Every structure is written in structure tokens, then in C-alpha cells.
Amino acid sequence: MSADTGDGDGPSVPFKTIDDFRYDDQMGMYRARYDAASAHELLVDIVLAVADIEGATTDDIDPAYRSIDADAFETLVRANAGEDLSAGPLTFPLGGHRVTVVAGEVTFERRPP
């Protein structure tokens, strides 16, 4: 599966944990659904998605570990796995975007420069 950026070219990134990755014109941001059962791979797919949005490689964006602890990330994603929002959304900066993960959905909102 690959993202639909709406630019007609279509991105080239196959994701393992996210699907329905697309630009939401109404919200002005990218959105995707994710498989919480694969939480240990979700952060990798988020990094790939940000790189894809930016038309860059993963080497061109700041490493995710500068923004978020991978073990804590996985724990919080699993806490939200059952659509129980008690853990709340998890938001962190990555590659010029504000990434928010909450119960089955990831959003990528461009941060102002």
C-alpha cells in the first residue's frame, strides 16, 4: 500500500502498519489509519510517511528519537488500541510536522516555519 498525496504522481512508500494515508482537504493535513497490533512498527511508518510528505528520505528529517521515546510511544499506542481514549492523544514534532496519534488514527499537520 502506498500513500495518496493527491499530487497525481502517488508516493512510493509501502507501509506495514498504516493505510488509507491521504491528504484531507477539509482539515488541511494528512491522515492515516493504523493497526495498533503492530505498534512496534508504527513509529517507523510514521517516519516514512513524513519523509514521503516532504519528498525526502528518512535521512533528510530529524531522527524520531529526538522527539519521542520509542518504548513510551509503543506503550501509549497499545493503551489506545481498544479505541479507549483514556490515554489521550500523543502529539510530537517530526520533520516539520506535528504528528498526533490517537485510537486508530495518525494525523500529520505542517507546523509553521
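It should be emphasised that the depicted structure is a prediction, and the values quoted were computed from it without experimental measurement. (Residues numbered from 1 in each chain as written. Predicted model: local features only at pLDDT ≥ 70, side-chain atom pairs only at ≥ 80, totals over all residues. Heavy atoms only, no water.)

### Quick look at the packing of aromatic side chains
To keep it simple, the criterion reads: By convention, a stacked pair of Phe, Tyr or Trp rings (six-membered ring in the case of Trp) has centres within 6.5 Å and planes under 30 degrees apart, an edge-to-face pair has planes over 60 apart, and any other such pair is tilted.
In this structure the tally under the stated criterion is five aromatic pairs. In this structure an aromatic cluster arises from ring pairing among F15, F21, Y23, Y30 and F108.

### Brief notes about the nonpolar core
This is how it is decided: Grouping buried Ala, Val, Leu, Ile, Met, Phe, Trp, Tyr and Cys residues that are joined through side-chain atoms within 4.5 Å yields what is termed a nonpolar core. For each residue, the accessible area found with a 1.4 Å probe, counting protein chains only, is set against the maximum for its type, and the residue is called buried under 20%, exposed over 50%, and partly exposed in between. For the purposes of this entry, the term helix denotes a DSSP run of H or I that reaches at least four residues, the term strand denotes a run of E that reaches at least two, and both are numbered from the N terminus. Residues count as neighbours in contact if any of their non-hydrogen atoms are within 4.5 Å of one another.
Core analysis: the biggest nonpolar cluster contains 28 residues, and L42, I46, F73, F92, V99, V101 and F108 have the highest contact counts within it. Of all elements in the fold, only β1 (18-24), β2 (29-34), α1 (39-54), α2 (70-79), β3 (90-94), β4 (97-102) and β5 (105-110) reach the threshold of two or more residues within this core. The element contributing the most residues to this core is α1, with nine residues. Sequence-distant contacts of F108, that is, excluding residues within four places in its chain, are made with F21, M29, Y30, A32, I46, A49, V50, I53, H97, R98 and V99.

### A closer look at the sheet that holds β5
Our working rule: In this analysis, strands are considered paired if DSSP registers two or more bridges between them. Only the stretch in contact is used when a helix axis is fitted, and all axes are lines through C-alpha atoms; the angle between N-to-C directions ranges over 0 to 180 degrees.
Spatially, the five strands line up as an open sheet ordered β1-β2-β5-β4-β3, and their pairing is antiparallel. The strands lining the two open edges of the sheet, one partner per strand, are β1 and β3. For this sheet, the mean angle separating the axes of adjacent strands, direction not counted, is 20°. Summarising the sheet, β1 and β2 pair through five bridges and their orientation is antiparallel. Looking at β2, one finds that D19 is bridged to R33. Its contacts with the sheet put α1 on β1, β2, β3, β4 and β5, and the angle it makes with β5 is roughly 35°. Lying over the sheet, α2 contacts β2, β3 and β4, oriented at roughly 140° with respect to β3.

### Points about the pairing of β5
Pairing geometry for β2 and β5, over four bridges, is antiparallel. Paired with R31 across the two strands is T107, which belongs to β5. Looking at chain direction, β4 and β5 are connected through six bridges and run antiparallel. Residue pairing in the sheet places H97 in a bridge with R110 of β5. Counted between consecutive antiparallel strands, the loop separating β4 from β5 contains two residues, among which G104 sits at a positive phi close to 90°.

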